[in-house]
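Below are the chains, spelled out letter by letter.
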Amino acid sequence: DGGITQSPKYLFRKEGQNVTLSCEQNLNHDAMYWYRQDPGQGLRLIYYSQIVNDFQKGDIAEGYSVSREKKESFPLTVTSAQKNPTAFYLCASSIGWNTEAFFGQGTRLTVV
Amino acid sequence: AQSVTQPDIHITVSEGASLELRCNYSYGATPYLFWYVQSPGQGLQLLLKYFSGDTLVQGIKGFEAEFKRSQSSFNLRKPSVHWSDAAEYFCVSNTDKLIFGTGTRLQVFP
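Reading the values: rules and limits
- Residues numbered from 1 in each chain as written.
- Chains lettered and ligands numbered in written order.
- Predicted model: local features only at pLDDT ≥ 70, side-chain atom pairs only at ≥ 80, totals over all residues.
- Heavy atoms only, no water.
- Helix = DSSP H or I, 4+ residues; strand = E, 2+ residues; numbered from the N terminus.
- Rg over C-alpha atoms; globule rule 2.2 N^0.38 Å.
- Buried < 20%, exposed > 50% of the residue type's maximum accessible area, 1.4 Å probe, protein only.
- Lys, Arg positive; Asp, Glu negative; His and termini not counted.
- Charge placed at Lys NZ, Arg CZ, Asp CG, Glu CD.
- Pairing = 2+ DSSP bridges.
- Axes fitted to C-alpha atoms, helices over the stretch in contact; angles between N-to-C directions.
- pLDDT = per-residue confidence, 0-100.
- Polar contact = N/O pair within 3.5 Å; in protein donor to acceptor, adjacent residues only side chain to side chain.
- Contact = heavy atoms within 4.5 Å.
- Buried area = accessible area lost by both parts, 1.4 Å probe.
- Salt bridge = Lys/Arg side-chain N within 4 Å of Asp/Glu carboxyl O.
- Phe/Tyr/Trp six-rings, centres within 6.5 Å; stacked < 30°, edge-to-face > 60°.

A.B. asks: Looking at this structure, how should I read the overall build of chain A?
C.D. replies: When helices and strands are tallied, chain A shows zero helices and eleven strands. Going residue by residue from the N terminus, the α and β elements of chain A occur as β-β-β-β-β-β-β-β-β-β-β. The C-alpha radius of gyration computed for chain A amounts to 13 Å, which stays within 12% of the reference 13 Å derived for 112 residues, consistent with globular compactness. Here the C-alpha coordinates of chain A stretch approximately 35 × 30 × 25 Å along the principal axes. Put simply, chain A has 112 residues, and 50% of those count as buried. One finds the centroid of the 11 positive side-chain charges in chain A at a distance of 8 Å from the centroid of its 11 negative side-chain charges.

A.B. asks: Just checking my understanding: could you explain the sheet that holds strand 1 (residues 4-7) of chain A for this structure?
C.D. replies: Strand pairing in a sheet is mediated by backbone hydrogen bonds. Such pairs are either parallel or antiparallel. Residue and element names in this part refer to chain A. Strand order in the open sheet formed by four strands is 1-3-8-7, with antiparallel pairing between adjacent strands. This sheet does not close on itself; its edge strands, each paired only once, are strand 1 and strand 7 (64-66). Geometrically, the sheet is characterised by an average inter-axis angle of 20° between neighbouring strands, direction not taken into account. Where strand 1 and strand 3 (residues 19-25) come together, four bridges link them in antiparallel fashion. For Ser 7, the partnering residue across the bridge sits in strand 3 and is Ser 22.

A.B. asks: Honestly, the confidence of the model for chain B in this entry has me stumped. Any pointers?
C.D. replies: Predicted coordinates in regions of low pLDDT should not be interpreted in detail. Residues of chain B with pLDDT of at least 70 account for 99%, and the chain-wide mean is 92. Per-element averaging of pLDDT across chain B places strand 11 (residues 98-100) of chain B at the bottom with 86 and strand 3 (residues 19-21) of chain B at the top with 98.

A.B. asks: Where do I start with the side chain of Asn 94 of chain B in this structure?
C.D. replies: By secondary structure assignment, the location of Asn 94 of chain B is in strand 10 (residues 87-94). Within the structure, the side chain of Asn 94 of chain B is placed 2.7 Å from the backbone oxygen of Thr 99 of chain A, a separation counted as a polar contact.

A.B. asks: Please explain the side chain of Thr 107 of chain A as it appears in this structure.
C.D. replies: Residues and elements named next belong to chain A. As for its position among the elements, Thr 107 is in strand 11 (residues 107-111). Given the relative accessible area of 0%, Thr 107 is considered buried. Those residues within four positions of Thr 107 in sequence are excluded, and the remaining contacts are Gln 6, Ser 7, Pro 8, Lys 9, Leu 11, Leu 21, Ala 87, Phe 88 and Tyr 89.

A.B. asks: How should I be thinking about the interface of chain B and chain A in this particular structure?
C.D. replies: Quite often, the size of an interface is put as the accessible area lost when its parts meet. Taken together, the contact between chain B and chain A spans 19 residues of the former and 22 residues of the latter. Between chain B and chain A, roughly 1,700 Å² of surface is buried when both sides are summed, and carbon and sulfur atoms account for 52% of that area. It is Lys 97, Leu 98 and Phe 100 of chain B in chain B that bury the most area against chain A; as a group they hold 28% of the surface buried on that side. Our enumeration of links across chain B and chain A arrives at one salt bridge. Across the salt bridge formed by Glu 100 of chain A and Lys 49 of chain B, the nearest N and O atoms sit 2.8 Å from each other.

A.B. asks: Would you mind going over the confidence of the model for chain A with me for this structure?
C.D. replies: Residues with a pLDDT of 70 or more make up 98% of chain A, whose mean pLDDT is 93. Here strand 10 (residues 101-103) of chain A stands out as the least confident element of chain A, with mean pLDDT 92; strand 7 of chain A is the most confident, with 98.

A.B. asks: Honestly, the packing of aromatic side chains in this entry has me stumped. Any pointers?
C.D. replies: The geometry of an aromatic ring pair is captured by the separation of the ring centres together with the interplanar angle, meaning the angle of the planes. Evaluated as defined, the whole model comprises 16 aromatic pairs over all chains. Geometrically, the ring pair formed by Tyr 64 of chain A and Tyr 89 of chain A is edge-to-face, given 5.9 Å between the ring centres and 65° between the ring planes. Here the residue Tyr 64 of chain A occupies a position in strand 7, and Tyr 89 of chain A occupies one in strand 9 (residues 87-94), the gap between them amounting to 25 residues. Across the pair, Tyr 89 of chain A and Tyr 64 of chain A agree in class, each one buried. Aromatic pair Phe 103 of chain A and Tyr 36 of chain B: ring centres 5.4 Å apart, planes at 80°, arrangement edge-to-face.

A.B. asks: Would you mind showing me how to read the environment of Gly 103 of chain B here?
C.D. replies: Residues and elements named next belong to chain B. Looking at the secondary structure, you find Gly 103 in the loop between strand 11 and strand 12 (104-109). Measuring from C-alpha to C-alpha, the distance between Gly 103 and Phe 90 comes to 4.6 Å, with 13 residues separating the pair along the chain. Among all residues touching Gly 103, those that are not within four sequence positions of it are Gln 6, Asp 8, Ile 9, Glu 88, Tyr 89 and Phe 90.

Dropping the structure here:
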């Protein structure tokens, strides 16, 4: 089945540790996105990539890093510089601009 | 810059009642607009989309939306709400990147 897979579903980390969230898609989509969702704040764009080996900062990129070495993969690293990392993280992909996006089931990150 | 506004943070309706969720966009050219639904702790599911052509678009689960250029709106409607429609609804545009509205949480009373 084609789709987007985020893993793990739940992730716990100690404060000060970097953590990497996985996002893989087999839809052959060029564009991929990472969003952060906090209660009452909707979805905020962290990073997006329109093509392999290229990505752009979104609205809240500070404390996060990404890579896009392969078309199907867009991992997000939450670094120790992110002051409030506990949140629900959603990955999405689309064929390109002007098309609908498909979403993964999300990863809930808790930093203690 | 493009933006999407959902003025209603929370809406409560009775089961069987009609529903309209508001969405306003800001973009010079014709936007590409979508409505998504999210159940608690889950990803987002596409309800419907508008690219061009007919201004009234039909989606899944009995939802429809009407694009009104004069009002810069793309409101979501359903004639009779079911308890299973309780969720959060997002209006989204994708002209150069995905832009989300802040979402409307729908609560349905029996």
